[in-house]
Amino acid sequence: MLKTFPVKTDHHDQMIDITGKISDWVREQGVKEGTVIVSSAHTTAGITINENADPDVKTDMLRRFREVYPWEQAEDKHMEGNTAAHMKTSTVGHAQTIIITDGELLLGTWQGIYFCEFDGPRSRKVHVKITS
């Protein structure tokens, strides 16, 4: 089972909670046990799992990514000028695997699945694959 979800981003960098979309789709498929792989189809956007209770976590993470990987670096050779976005994506990764048990995503109390935009705003795609 494979599904592609569109994601529209509004900012240069942002983290969008996609947990609900993924959870709803998994439930609709009727799979009781297995795994789901959530994958970004882009080299400048990733997928991470992190706290979804306090929005300041996203704010702090994006700020810290900007500090570690500043957008302007005179030494960067990549002609598109978005090397920082590639570095951030490599850091968070392009995909996450989540266990499905009793038909639900097995996430911790405070965990959510985030699409991480690092070179927006853009129209993006997230591929979701269930394995059982």
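In this text the structure is predicted, and so the values were computed from the model without any measurement.

A. View of the sheet that holds strand E8 (residues 123–131). With antiparallel pairing, the five strands of this open sheet are ordered in space as E1-E8-E3-E5-E6. Looking at the sheet topology across the chains shown, the edges are occupied by strand E1 (2–8) and strand E6 (104–105). Alignment of E1 against E8, held across seven bridges, turns out to be antiparallel. Each residue of the ladder has a partner; that of Val7, found in E8, is Arg124. This element, helix H1 (residues 19–29), spans E1, strand E3 (33–40), strand E5 (95–101), E6 and E8 of the sheet and lies at about 160° to E1.

B. Structural detail: the side chain of Ser40. For Ser40, the location among the structural elements is in strand E3. According to the relative accessible area criterion, Ser40 is buried, its value standing at 5%. Of the polar contacts made by the side chain of Ser40, one reaches the backbone nitrogen of His42; its length is 3.2 Å. Aside from chain neighbours lying at most four places away, what touches Ser40 is Ala45, Gly46, Ile47, His94, Phe115 and Lys125.

C. Local environment of H1. Among the residues making up H1, those that are buried are Thr19, Ile22, Ser23, Trp25 and Val26. Mapping the buried residues of H1 onto a view down its axis gives an arc of 165°, with all of them on the same face. Just downstream of H1 lies Gly30, where phi reads positive at about 75°.

D. Seen up close, helix H3 (residues 83–92). Among all positions in H3, only Thr83, Ala84, Ala85, Lys88, Thr89 and Val92 are buried. Looking at the buried side of H3, the elements it contacts are strand E4 (45–51), helix H2 (55–68) and E5. Gly93 sits one or two positions beyond H3 and adopts a positive phi of about 95°.

The rules behind each value
Residues numbered from 1 in each chain as written. Predicted model: local features only at pLDDT ≥ 70, side-chain atom pairs only at ≥ 80, totals over all residues. Heavy atoms only, no water. Pairing = 2+ DSSP bridges. Helix = DSSP H or I, 4+ residues; strand = E, 2+ residues; numbered from the N terminus. Contact = heavy atoms within 4.5 Å. Axes fitted to C-alpha atoms, helices over the stretch in contact; angles between N-to-C directions. Buried < 20%, exposed > 50% of the residue type's maximum accessible area, 1.4 Å probe, protein only. Polar contact = N/O pair within 3.5 Å; in protein donor to acceptor, adjacent residues only side chain to side chain. Arc of directions from axis to C-beta.

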